[in-house]
Amino acid sequence: MEASTARLAFKEKFGYAFGDIATNFFFQSMILYQTRFYTDTVGLSAAAIGSMFLVLRLGDAVFDPVIGALADRTQTRWGKFRPWILITAVPFGLAFWLVYVTPNVGASGKLIYAYLTYTLVMMLYSANNTPYSALMGVMTPDSSERSSVASYRFVGALIGQLLIQALPLPLVAKFGHGNSAKGWMVTMAIFGALIIVFNLITFASTRERVFPAPGQKSSLRADLGNVFTCGPWIVMFVLTLLIFTMLVVRGSSSNYLFAYYLDQHQLMAFLSKLGLAGGGAATVTGWRWVLNALGLLVNTDGSNASAVGLSLFFVAGSVIQIPCIIASKPLADRFGKKAVFISGVALTTLATVLVFFVSPSSIGTLFLLGLLWAVAWGPTVPLLWVMIADVADYSEWKTSRRATGFMYAGILFALKAGLSLGGALSAWVIAAYGYVPNVAQTERALLGIRLGASIYPGIALVLGLGCLLIYPIGKSLNIRIQNELIERRKQYSSQTLPETAS
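Remember, predicted model here, so these are calculated numbers, not experimental data.

Turning our attention to the overall build of the chain. Each helix and strand counted, the chain has 22 helices and 2 strands in total. Counting across all 502 residues of the chain, residues that qualify as buried make up 58%. As displayed, the chain has an accessible area near 18,900 Å², and 68% of this comes from carbon and sulfur atoms.

This is the structure we're talking about:
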């Protein structure tokens with residue numbers, strides 16, 4: 001295929017999306033479950049886990065630029081980025097599962113095991129996801145078509161998000177039979193296997209078509225200079241850091257909010273009105289049998305009400321986000337990515353902060369705010385990654401050098417730093433407010449949980465709005481850059497391309 005070809009077939013976009021289904025099994029489980037898994041199942045202290053998240057995620061973030069630089073310099077018949085997806089598929093899935101295995105080795109041994117397995121899975125995530133993210137920037141040179149690819153990608157992400165939000169807690173309860181360690185081990189073995197399969201699908205179905213200008217020499221110093229002198233990239237770096245800090249703090253705190261803050265009787269009554277009660281009964285039939293098999297019906301004693309409620313809360317949001325993500329491309333084409341992003345973040349901030357004022361019995365209000373959050377956030381989800389590809393174009397436009405992998409690697413550094421900061425803050429906040437696992441919480445501990453689910457992530461969103469306001473690549477400049485780069489590429493499009501173009 002010629003390097004100038006812009007349109008992609010449905011099957012290639014669809015295949016690319018499987019990679020983000022797999023990524024979200026890891027990513028969302030880290031946001032939603034990992035802190036509580038380590039505190040309530042493994043038995044580690046919240047303070048120790050917060051420190052581990054900060055040290056390991058920040059340390060591993062340094063690994064992303066290394067992977068980006070290596071990927072940019074990879075030369076194979078499959079391209080630069082696809083081979084990395086192939087070779088990391090199996091080890092990534094296995095390492096993901098090992099994180100959720102609880103060895104019987106005492107408190108110190110468990111902490112060491114957590115450090116080792118978490119380090120391994122984060123490194124493999126870098127080696128897999130940095131090239132995967134960069135791949136979108138070289139599948140087509142057309143900015144609008146990239147938005148289409150991103151829409152497919154993030155519908156896939158939402159499918160992965162929906163599955164990992166809906167199933168783990170109910171399946172853990174079902175497989176564990178009161179032994180949560182066993183439940184987590186069996187449940188995450190299933191998701192780990194799917195990570196392997198889905199990454200192989202992505203490798204097999206995609207191609208690379210955008211290549212550096214002939215004669216461009218590999219230079220790490222030049223790559224670093226291009227990145228750190230690129231104003232739009234710096235803005236996107238800070239924005240990414242803030243966004244993922246917000247997501248982790250909100251997601252982790254929501255887990256505790258459902259388990260300890262909400263009135264469990266009111267939650268059970270709310271779920272009963274939706275037909276989600278009666279789990280465990282041998283007489284359950286039809287579609288309710290499927291829900292019961294997945295652990296998505298509330299037991300008669302209400303013991304799993306918080307698990308089912310949290311699953312429904314996030315699943316409902318994910319379902320609502322799907323049409324909003326699909327709408328992202330036409331909205332961005334009409335109004336520009338920057339304008340859509342600003343509007344979405346502003347409304348998301350409002351929906352996030354209002355959660356603080358929800359009473360323990362106002363279950364319906366909490367769910368409505370969750371739906372509002374999803375509607376506002378949905379159109380912004382693909383835009384972050386499309387805008388990073390736009391930044392790579394901007395840098396090439398300015399410098400006549402392209403370092404797509406390194407650009408994405410730097411943003412993934414910010415993503416992991418956000419995960420690090422968010423994970424540490426979510427654990428440190430509940431520790432500072434006096435959280436004790438598996439007991440009724442004090443008023444002060446509940447305040448910390450509420451702040452973590454609302455005000456603290458709201459602050460990160462407000463700062464993110466400030467970043468977007470100074471981001472310089474609006475709709476008109478984006479079009480100008482794309483058109484000028486197309487003219488430049490015509491000058492060498494007739495030259496022989498690597499075998500990946502066939």
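Next comes the rest of the account.
Together, Leu 347, Leu 350, Leu 354 and Phe 357 line one region of the surface with nonpolar side chains, adding up to about 370 Å² of accessible area. Within the element layout of this structure, Leu 350 appears in helix 16 (residues 337–353). Under the relative-accessibility criterion, Leu 350 is labelled partly exposed at 45%.

Let's shift gears to the side chain of Ser 252. Note on placement: Ser 252 falls in helix 11 (residues 231–261). Apart from residues lying up to four places away in sequence, Ser 252 is in contact with Ile 31, Leu 32, Thr 35 and Ser 426.

Turning our eyes to something else, we now look at the packing of helix 11 against helix 18 (residues 383–399). Between helix 11 and helix 18, the least distance of the axes is 10 Å, while the angle of their chain directions is 160°. Our classification of the angle between helix 11 and helix 18 gives roughly antiparallel. In terms of crossing hand, the pair formed by helix 11 and helix 18 is left-handed. Each of Pro 232, Trp 233, Met 236, Leu 239, Thr 240 and Phe 244 in helix 11 lies in contact with helix 18, whose residues at this interface are Leu 384, Trp 385, Met 387, Ile 388, Val 391 and Tyr 394.

A few words now on the packing of aromatic side chains. Applying the stated criterion across every chain, the model contains 32 aromatic pairs. Aromatic pair Phe 27 and Phe 244: ring centres 5.4 Å apart, planes at 80°, arrangement edge-to-face. Residue Phe 27 is located in helix 1 (residues 10–32), and its partner Phe 244 is located in helix 11; the two are separated by 217 residues in the primary sequence. This pair shows no difference in class: Phe 27 is buried, exactly as Phe 244 is. Summarising the aromatic geometry, the rings of Phe 313 and Phe 367 are spaced 5.5 Å apart at their centres and angled 85° between planes, so their arrangement reads as edge-to-face. Of this pair, Phe 313 sits in helix 14 (residues 305–326) while Phe 367 sits in helix 17 (residues 363–377), placing them 54 residues apart in sequence. Sitting over the face of the ring of Phe 203, Arg 82 holds its NZ or CZ atom 4.6 Å from the ring centroid. Just above the ring of Phe 356 sits the side chain of Arg 450; from NZ or CZ to the centre is 4.3 Å.

Bringing the side chain of Ser 426 into the picture now. With respect to the helices and strands, the residue Ser 426 is situated in helix 19 (residues 404–432). What makes Ser 426 buried here is its relative accessible area of 2%. Other than its neighbours up to four places away in sequence, Ser 426 contacts Thr 35, Val 248, Val 249 and Ser 252.

The next subject is the nonpolar core. It is characteristic of soluble globular proteins that their nonpolar side chains tend to be buried jointly. Core analysis: the biggest nonpolar cluster contains 146 residues, and Tyr 38 and Trp 385 have the highest contact counts within it. Ranked by residue count, the leading element in this core is helix 11, at 16 residues. Beyond its immediate sequence surroundings of up to four residues, Tyr 38 is in contact with Gly 43, Leu 44, Ile 49, Met 52, Phe 53, Val 99, Ala 114 and Tyr 118.

As a further point, take the pattern of salt bridges. Here the structure, examined in full by the defined rule, presents 7 salt bridges. Between Glu 145 and Lys 13 there is a salt bridge, with its nearest N and O atoms 2.9 Å apart. Of this pair, Glu 145 sits in helix 7 (residues 143–166) while Lys 13 is found in helix 1, placing the two residues 132 residues apart along the sequence. In terms of burial, Glu 145 and Lys 13 fall into one category: buried.

This part takes up the confidence of the model for the chain. Overall, the predicted model of the chain reaches an average pLDDT of 85, with 89% of residues at or above 70. Overall, residues 496–502 carries pLDDT values under 50, and its contacts beyond four positions in sequence, including any with other chains, amount to 16 contacts.

In this section: the environment of Ala 424. Turning to its location among the elements, Ala 424 is positioned in helix 19. Discounting residues that sit within four places of it in the chain, Ala 424 has contacts with Gly 50, Phe 53 and Leu 54.

Moving on to helix 16. Taking 1.5 Å per residue, 17 residues should reach 24 Å; helix 16 reaches 24 Å between its end C-alpha atoms and fits that length. Among all positions in helix 16, only Lys 337, Val 340, Phe 341, Gly 344, Val 345, Thr 348, Thr 349, Ala 351 and Thr 352 are buried. Taken around the axis of helix 16, the buried residues stretch over an arc of 165°, which confines them to a single face.

What follows deals with the layout of surface pockets. Of the volumes computed, that of the largest pocket is approximately 680 Å³. Taken together, 34 residues line the largest pocket, and the ones lying closest to its centre are Leu 169, Val 172, Ala 173, Ser 303 and Ala 307. Looking at the lining of the largest pocket, the elements with two or more residues in it are helix 2 (34–42), helix 8 (168–176), helix 9 (180–205), helix 11 and helix 14. Residue composition of the lining of the largest pocket, grouped by class: 13 nonpolar, 18 polar and 3 charged.

Time to look at empty space enclosed by the protein. According to the stated counting rule, one finds 7 cavities of 30 Å³ or more in the structure shown. What lines the largest cavity is a set of 35 residues, among which Phe 27, Gln 28, Gln 161, Leu 247 and Trp 377 lie closest to the centre. Elements represented by at least two residues in the lining of the largest cavity include exactly helix 1, helix 6 (106–135), helix 7, helix 11, helix 14, helix 17 and helix 18. The element best represented in the lining of the largest cavity is helix 1, accounting for 7 residues. When its residues are assigned to classes, the lining of the largest cavity shows 20 nonpolar, 12 polar and 3 charged. Estimated volume of the second largest cavity: approximately 90 Å³.

Definitions and cut-offs
Residues numbered from 1 in each chain as written. Predicted model: local features only at pLDDT ≥ 70, side-chain atom pairs only at ≥ 80, totals over all residues. Heavy atoms only, no water. Helix = DSSP H or I, 4+ residues; strand = E, 2+ residues; numbered from the N terminus. Buried < 20%, exposed > 50% of the residue type's maximum accessible area, 1.4 Å probe, protein only. Areas by Shrake-Rupley, 256 points an atom, 1.4 Å probe, with all protein chains shown as cover. Patch = residues over 30% accessible without salt bridge, like charges linked within 9 Å, V, L, I, M, F, W, Y side chains within 5 Å. Salt bridge = Lys/Arg side-chain N within 4 Å of Asp/Glu carboxyl O. Contact = heavy atoms within 4.5 Å. Axes fitted to C-alpha atoms, helices over the stretch in contact; angles between N-to-C directions. Parallel < 35°, antiparallel > 145°, perpendicular 65-115°, else oblique. Left-handed = near helix turned anticlockwise from the far one by under 90°. Phe/Tyr/Trp six-rings, centres within 6.5 Å; stacked < 30°, edge-to-face > 60°. Lys NZ or Arg CZ within 6 Å of the ring centre and 35° of its normal. Core = buried A, V, L, I, M, F, W, Y, C linked by side-chain atoms within 4.5 Å. pLDDT = per-residue confidence, 0-100. Expected span 1.5 Å × (residues − 1). Arc of directions from axis to C-beta. 1 Å grid on protein atoms, 1.4 Å probe; cavity = no way out; pocket = protein on both sides within 12 Å on 5 of 7 lines; lining within 4 Å. Points joined across faces, edges and corners; volume = space filled by probe spheres on them. Nonpolar A, V, L, I, M, F, W, Y, C, P; charged D, E, K, R; others polar.

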